[in-house]
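Single-letter residue listing:
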Amino acid sequence: MRMKFICDIMLGKLSSYLRMAGIDSAYSRSLSLPSLIKTAIAEERSILTRRRDIDLADCPVSVYCVQSNYPMNS
């Protein structure tokens, strides 16, 4: 199964890089968090974000929080 992502407004450049690498990545500049979650559910995508205020326990989709601009930093 291929991973599919949706990136929020903070990760537009990452979304472009993922698409260039052949990874299915959508990008939303205008969706609110509830709309982003609905879209992720409908399209079976995982969310990529920098937001820290998402309650991961209540979120019905996978959410990955990006912490760095550089892939080798932890």
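Attention now goes to the sheet that holds strand 4 (residues 63-65). Strand pairing in a sheet is mediated by backbone hydrogen bonds. Such pairs are either parallel or antiparallel. Spatially, 2-1-3-4 is the arrangement adopted by the four strands of the open sheet, whose pairing is parallel. Two strands in the sheet have a free side with no partner beyond their single neighbour: strand 2 (24-27) and strand 4. For this sheet, the mean angle separating the axes of adjacent strands, direction not counted, is 25 degrees. Examined bridge by bridge, strand 1 (residues 4-7) and strand 2 share four bridges and lie parallel to one another.

Notably, glutamate 44 is not glycine yet its phi reads approximately 55 degrees, a positive angle. Its location among the elements puts glutamate 44 in the loop between helix 2 (33-43) and strand 3 (46-49).

On to the side chain of serine 15, then. Here serine 15 shows up in helix 1 (residues 12-20). For serine 15, the contacting residues outside a window of four places in its chain are Cys7, Ser25, Ala26 and Tyr27.

Cut-offs used in this document
- Residues numbered from 1 in each chain as written.
- Predicted model: local features only at pLDDT ≥ 70, side-chain atom pairs only at ≥ 80, totals over all residues.
- Heavy atoms only, no water.
- Pairing = 2+ DSSP bridges.
- Helix = DSSP H or I, 4+ residues; strand = E, 2+ residues; numbered from the N terminus.
- Axes fitted to C-alpha atoms, helices over the stretch in contact; angles between N-to-C directions.
- Contact = heavy atoms within 4.5 Å.

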